[in-house]
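Spelled out, the chains give:
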Amino acid sequence: MPTRREPTARQMRLAVELRRLREAAGLTARQAAAMLGVSNVQISQIEAGLSGVSEQRLRRLASHYACTDQEFVGALVQMATDRTRGWWEEYRGLLPTSFLDLAELDHHATFQQDVAVLYVPGLLQTEDYARAVFSSRLPELTDEELDLRVRHRLTRQRNAAFPHRIVIHEAALRIRVGDRAATRTQLTRLVEASETDRITLRVIPFDLDGFARASSTMTYVGGIVPKLDTVARDAPHGALLIDSQAQLGTYRTRFHKVEDVSLEPNRSRDFIHRLTKEL
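Residues numbered from 1 in each chain as written. Predicted model: local features only at pLDDT ≥ 70, side-chain atom pairs only at ≥ 80, totals over all residues. Heavy atoms only, no water.

Chemist: Break down the overall build of the protein for me, citing the residues and quoting the values.
Modeler: Helix and strand content of the protein: 12 helices and six strands. Considering only C-alpha atoms, the protein reaches an extent of 70 × 40 × 30 Å along its principal axes. Counting the 279 residues in the protein, one finds 48% classified as buried. Contacts spanning at least 24 positions in sequence make up 74% of the contacts within the protein whose residues lie at least 6 apart. In the structure as shown, the protein presents an accessible area of about 14,400 Å², 50% of it carried by carbon and sulfur atoms. Of the side-chain charges in the protein, 39 are positive and 36 negative, and the distance between the mean point of each set is 4 Å. (Helix = DSSP H or I, 4+ residues; strand = E, 2+ residues; numbered from the N terminus. Buried < 20%, exposed > 50% of the residue type's maximum accessible area, 1.4 Å probe, protein only. Contact = heavy atoms within 4.5 Å. Areas by Shrake-Rupley, 256 points an atom, 1.4 Å probe, with all protein chains shown as cover. Lys, Arg positive; Asp, Glu negative; His and termini not counted. Charge placed at Lys NZ, Arg CZ, Asp CG, Glu CD.)

What follows is the structure, encoded as C-alpha cells:
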C-alpha cells in the first residue's frame, strides 16, 4: 500500500490500537514483522498510520497477538477497509486538520455526549452564534476563513444523525456570544432541538448543588465498539482527541455524574424557555 503523507485521526486510531495489541502481547515490532513475513519498516509504517493494512494481514496480526475479542477485531477490520471519502474532504488544505477529524468522528459515531460550560455545543449552534464564536478567536480570522468555519459547522449539523445527549450549564445559556437577538434565537433553537427524539438536553442551573463536576467542557463520541470510543476536548491549536481506556472510563463516569445532578429534560426545556422570555 502507498505511504500516506498525512494520516487522518481515524487512520491513526487504527494504528494506535494495533500497536497496543502488539505491546499487550509482549511482542516487538521485529517479531510482528517476522510473523507476517514483512520488513520492520512496514510494521513501523502501519503502527504510525503511514501505511494501511489489509483485512487478511490485520486478522493474522490479531491472531498472533492472541486477541480473542472478535467484535473488536471486526471493528478494526471495518476501520482498515473503509474507503469513505466524506464531505469534509473538500475542506482539506483550507481548514486546520482538527476540523476534518471532528467531522470524521461525527460520521462514524454511534452516539455523542456533551458537557458544555461556556458555549452552546457546536452541533446545536445557530449560524449567527457560530459566526460570533469564531469571530472572537485570536488572532482574528479573515472573512474567507470565518465563512469556511461557519459553513463547515453547519454542514456537520446537517449530517449528524446519532443520538445526542447534552448537559449544558446555565453560564453557557446566559453568556451573550452575539447580541440579544442572536442569543434569543440560539435559545429558541435549543428548545426546538430538545423536542426531537434524537436529542436529550439537560441544564445545570447556577443554584443546583453538585455542578462543580461540570467545570470543564467535554465531548464523548461512541465508536463501533466501546474500546473505540473517543473524547474530544478543546485545545489551543484544535481538538485534543483522547482514546486511552483508563481516561475513557474516567470521562464516562464524569458525564454520568454531571447528568445525574442536572435537571430533567422537561424541566430543562422550561428553564431555557424562561431565559428566552427574559431577553
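There's more to say after this.
Chemist: Quick rundown of unusual backbone geometry? Include the residues and the values.
Modeler: Going from Leu138 to Pro139, the amide bond is cis rather than trans, its omega being 0 degrees. Following the sequence through the fold, Pro139 ends up in the loop between α7 (127-135) and α8 (143-159). Of note, Ala66 is a non-glycine position whose phi angle comes to about 60 degrees, a positive value. With respect to the helices, strands and loops of the structure, Ala66 is situated in the loop between α4 (55-64) and α5 (70-81).

Chemist: How would you explain the pairing of strand β2 (residues 164-169) if you had to name every residue and give the values?
Modeler: Burial analysis of β2 places five of its six residues in the buried class, which makes it a mostly covered element. Here five bridges tie strand β1 (residues 111-116) to β2, and the two strands are oriented parallel to one another. Its bridge partner lying in β2, Val115 is registered against Val167. (Pairing = 2+ DSSP bridges.)

Chemist: Tell me about the packing of aromatic side chains, residues and numbers included.
Modeler: Tallying each qualifying case throughout the model produces four aromatic pairs. A centroid spacing of 6.1 Å and a plane angle of 90 degrees characterise the contact between Trp87 and Tyr91, whose relative ring orientation is edge-to-face. Aromatic pair Phe99 and Phe134: ring centres 6.2 Å apart, planes at 40 degrees, arrangement tilted. In this pair, Phe99 sits in helix α6 (residues 97-108) while Phe134 sits in helix α7, placing the two residues 35 residues apart along the sequence. Owing to a relative accessible area of 14%, Phe99 belongs among the buried residues under this scheme. According to the relative accessible area criterion, Phe134 is buried, its value standing at 1%. Members of the aromatic cluster, joined through ring pairs, are Trp87, Trp88 and Tyr91. Arg198 extends its terminal NZ or CZ atom over the ring of Phe162, reaching a point 5.9 Å from the ring centre. We note Lys227 situated over the ring of Phe72; from NZ or CZ to the ring centre the distance is 4.9 Å. (Phe/Tyr/Trp six-rings, centres within 6.5 Å; stacked < 30°, edge-to-face > 60°. Lys NZ or Arg CZ within 6 Å of the ring centre and 35° of its normal.)

Chemist: Quick rundown of the pattern of salt bridges? Include the residues and the values.
Modeler: Inspection of every chain in the model, using the stated rule, returns 20 salt bridges. Arg252 serves as the salt-bridge partner of Asp229, at 3.6 Å between the closest nitrogen and oxygen. Note that Asp229 is positioned in the loop between β4 (218-222) and β5 (230-235) and Arg252 in helix α11 (residues 245-260), a separation of 23 residues in sequence. The exposure class assigned to Asp229 is buried, which follows from its relative accessible area of 3%. For Arg252, a relative accessible area of 28% gives the class partly exposed. Overlapping salt bridges bring together Arg13, Glu17, Arg20 and Asp243 as one network. (Salt bridge = Lys/Arg side-chain N within 4 Å of Asp/Glu carboxyl O.)

Chemist: Provide a residue-level description of a nonpolar patch on the surface, including the pertinent values.
Modeler: Together, Leu118, Tyr119 and Ile175 make up an exposed nonpolar region whose accessible area comes to about 270 Å². Mapped onto the elements, Ile175 comes out in the loop between α9 (170-174) and α10 (180-194). For Ile175, a relative accessible area of 36% puts it in the partly exposed group. (Patch = residues over 30% accessible without salt bridge, like charges linked within 9 Å, V, L, I, M, F, W, Y side chains within 5 Å.)

Chemist: Quick rundown of helix α2 (residues 29-36)? Include the residues and the values.
Modeler: Those residues of α2 lying buried are Ala32, Ala33 and Leu36. Looking down the long axis of α2, one finds its buried residues gathered within 100 degrees of arc, a one-sided arrangement. Across from the buried face of α2, at angles greater than 90 degrees, the exposed residues are Arg30 and Ala34. Structurally, α2 contributes buried residues whose contacts are with α1 (9-24), α3 (40-47) and α4. Just downstream of α2 lies Gly37, where phi reads positive at about 75 degrees. (Arc of directions from axis to C-beta.)

Chemist: Explain the pairing of β1 to me, using residue names and the numbers behind them.
Modeler: Remember that side chains alternate between the two faces of the sheet whenever the strand is regular. Within β1, five of the six residues are buried, leaving the element largely enclosed by the surrounding structure. In terms of strand pairing, β1 meets β4 through five bridges, oriented antiparallel. What sits directly across from Gln112, in β4, is Val221.

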